[in-house]
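Observations on the model geometry
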Amino acid sequence: MISFYKHNLNKNKNYLKKTLNSSYLTSGPVCQKVEGLLSKRFNKKFSILTNSWTNGLISILLSIKLKPKDEVIIPACTFVACANVVEMVGAKVVLADIDEKTKLLDLKDCLKKITKNTKVIMPVHLYGNLFNTRKLRNKIRKNILIIEDCAHSFCGEYNNKPIGFFSDFAVFSFYATKSITCGEGGAIITNHKKYAEKIRSVSNNGMTKPAFKRFINNKYIPWDVYNYGFKANLSDINASILEDQILNYSKTARIKKKIHKRYKFYLNDIKEISFPEENKNKNRDYYLFPIGVNKKYRDKLIEFLLKKKIFVTVNFKSISELNYYKKKYKISNCLISKEWGDKTLSLPFHIKLTEKEIKEVSKQIKIFFEKKINL
């Protein structure tokens, strides 16, 4: 069996020991320490840990107080959570198509979709391939906020600047299958003090002080609620798992880059498959290994690989083709997103993947197309 994903946590290490010996299990000094690591790594003034990427985005959108007519532009071919968060805060989803080569947000189509009601644009660093946010920033109104979706990326530079540099916010995911994981979790980085304070409050039921900051030097610090919020803060238990992974991520990134290159080496001569083209950037992340095949073969290839105990999945079907969004917005102009959503599948990809397993996956794909099994 070749698993689609395996985490790389050290099973012999007690990540929780210090946390369990402290007085705080929820958002406390461990979270504060990890937030400091993130701020330093990305050279941002503020970082806020959340219990998921999704709730991190909701916290941002609630903090900027979007109205029902306000529009948020996202790429059509990405994870549905990007659209769901906009729906949940009562704003309007606007889908822009993806670039035919990179599968990232198509800048030209995005610019066409901007209206007087556009308040946010959310480019996605899909598969770890970095979208050039600088180009977007230089072509839009200053009052349009940019939120970088970094769920698939934790490293990389474009225009010699780290991810998050040209945006108002960047949001990370520490979900179970991510390169850095604590099971469920996320983080926001920003330089906006006003928004950072609101986000921290919104993500903690609207309270102005988290529990561990209500008692300092034996003094009680009163707290209040100025705006409603919800439960989106991360616990110290989860955060304790993140510290080592953040500090040692360069090693993880190197291994995943090597695995990505080995896949390309073994698959390059199979004419029936294609790969997203990489943008020019420095030290990009490698989160998934997607390939494209003719849509009439895609599902058959998935079934063939599953029978061989090779576990694959689809990342992602175009949001424009999902029933809820298709009915509500009647979208029909995201043709490249639809095409990629119909033909893409993601191969097993994690740092414990062996050379033997990479060769076996590639071999079975080659066998499938050579024999055209049941086609």
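One can find the structure itself at the top, above this paragraph.
In this report, we go over the structure that sits alongside the text. Counting restarts for each chain: residues are numbered from 1 in the order of the written sequence. In keeping with the predicted nature of the model, local features appear solely for residues at pLDDT of at least 70, side-chain atom pairs appear and are counted solely at 80 or more, and the whole-chain, interface and lining totals rest on all residues. The side-chain values count all of the structure's non-hydrogen atoms but skip hydrogen atoms and water molecules.

Any residue with relative accessible area above 30% and no salt bridge may belong to a patch, with like charges joined within 9 Å and the nonpolar Val, Leu, Ile, Met, Phe, Trp and Tyr side chains within 5 Å. Here the Shrake-Rupley method, with its probe set to 1.4 Å, supplies the accessible areas, and only the displayed protein chains count as covering residues. Salt bridges, as used here, are contacts in which a Lys or Arg side-chain nitrogen is within 4 Å of a carboxyl oxygen on Asp or Glu. A contiguous nonpolar surface patch, about 300 Å² in accessible area, is contributed by Met1, Leu306 and Phe311. Position of Phe311 among the secondary structure elements: in the loop between α10 (295–307) and α11 (323–329). Starting at the N terminus, helices and strands are each numbered in turn, a helix being any DSSP run of H or I of at least four residues and a strand any DSSP run of E of at least two.

Axis definition: a line fit to C-alpha positions, over the contact stretch in the case of helices; interaxial angles, taken between N-to-C directions, run 0 to 180 degrees. Here helix α9 (residues 249–267) crosses helix α13 (residues 355–371) at 35 degrees, and the two axes come no closer than 9 Å. The handedness of the crossing between α9 and α13 comes out as right-handed. Seen from α9, the contacting residues are Ile259, Arg262, Tyr263, Tyr266 and Leu267; seen from α13, they are Glu355, Ile358, Lys359, Val361, Ser362 and Ile365. The residue makeup of the contact of α9 with α13, split by class, is 7 nonpolar, 1 polar and 3 charged. Definitions for this section: a left-handed crossing has its near helix turned counterclockwise from the far helix by less than a right angle. A right-handed crossing has that turn clockwise. We call two residues in contact when some of their heavy atoms are within 4.5 Å. Residue polarity follows a fixed list, in which Ala, Val, Leu, Ile, Met, Phe, Trp, Tyr, Cys and Pro are nonpolar, Asp, Glu, Lys and Arg are charged, and the others, Gly among them, are polar.

Moving on, we get to helix α3 (residues 53–63). In terms of burial, α3 is largely enclosed, as 9 of its 11 residues are buried. Lys65 sits one or two residues past α3 and shows a positive phi near 55 degrees. Per-residue accessibility, obtained with a 1.4 Å probe over protein chains only, is compared with the maximum for each type, and a residue is labelled buried under 20%, exposed over 50%, and partly exposed between these values.

Of note, Ser63 is situated in helix α3. Exposure remark for Ser63: the relative accessible area of 3% places this residue in the buried category. By the criterion applied in these results, polar contacts are pairs of N or O atoms within 3.5 Å in which, for protein atoms, one can donate a hydrogen and the other can accept it, and in which residues neighboring in sequence qualify only through two side-chain atoms. Here Ile199 takes part through its backbone nitrogen, which lies 3.4 Å from a polar atom of the side chain of Ser63. Once residues lying within four places of it in the same chain are set aside, the contact partners of Ser63 are Tyr195, Lys198, Ile199 and Val202.

This part takes up the sheet that holds strand β13 (residues 289–293). One bridge is not enough; two strands pair if DSSP finds at least two bridges between them. Within the open sheet, the 3 strands sit side by side as β12-β13-β14. Their pairing is antiparallel. Here the strands that pair on one side only, and so sit at the sheet edges, are β12 (273–274) and β14 (344–347). The pairing of β13 with β14 spans 4 bridges and is classified as antiparallel. Residue pairing for β14: Gly292 is matched across the bridge by Thr344.

So, on to the packing of aromatic side chains. Only centres within 6.5 Å qualify two rings of Phe, Tyr or Trp (six-membered ring in Trp) as a pair; their planes then separate them into stacked at under 30 degrees, edge-to-face at over 60, and tilted for everything else. One pass over the structure, following the stated rule, counts 18 aromatic pairs. For the pair Phe154 and Tyr249, a centre-to-centre distance of 5.3 Å together with 80 degrees between the ring planes defines the contact as edge-to-face. In this pair, Phe154 sits in the loop between β5 (145–150) and β6 (157–158) while Tyr249 sits in helix α9, placing the two residues 95 residues apart along the sequence. Here Phe154 and Tyr249 have matching classes, each one buried. Connected via pairs of aromatic rings, a cluster forms that spans Phe42, Phe154, Phe172, Phe174 and Tyr249. The residue whose ring lies beneath Lys264 is Phe275, and the NZ or CZ to ring-centre distance is 5.1 Å. Lying across the ring of Tyr286, Arg284 places its NZ or CZ 4.1 Å from the centre. Either the NZ atom of lysine or the CZ atom of arginine qualifies as a charge over a ring when it sits within 6 Å of the ring centre and within 35 degrees of the ring normal.

Here we take up the layout of surface pockets. Its volume calculated, the largest pocket comes out at about 730 Å³. Elements with a contribution of two residues or more to the lining of the largest pocket: α2 (29–42), β1 (46–50), α3 and α7 (193–202). With 6 residues, α7 is the largest single contributor of residues to the lining of the largest pocket. Among the residues forming the lining of the largest pocket, the class breakdown is 16 nonpolar, 14 polar and 8 charged. Cavities and pockets are defined on a 1 Å grid built over the protein atoms alone: a cavity is a set of grid points where a 1.4 Å probe fits but cannot escape, while a pocket is an open set with protein on both sides within 12 Å along at least five of seven lines, and lining residues are those with an atom within 4 Å of any such point. Grid points are joined across faces, edges and corners, and a volume is the space filled by probe spheres set on the points.

Right, let's talk about the sheet that holds β5 for a bit. Overall, mixed pairing links the 7 strands, which are arranged β1-β9-β8-β5-β4-β2-β3 in an open sheet. This sheet does not close on itself; its edge strands, each paired only once, are β1 and β3 (92–96). Looking at each pair of strands side by side, their axes are set apart by 25 degrees on average, direction ignored. Those strands touched by α3 are β1, β4 (118–121), β5, β8 (169–173) and β9 (186–190), and its axis lies near 160 degrees from that of β8.

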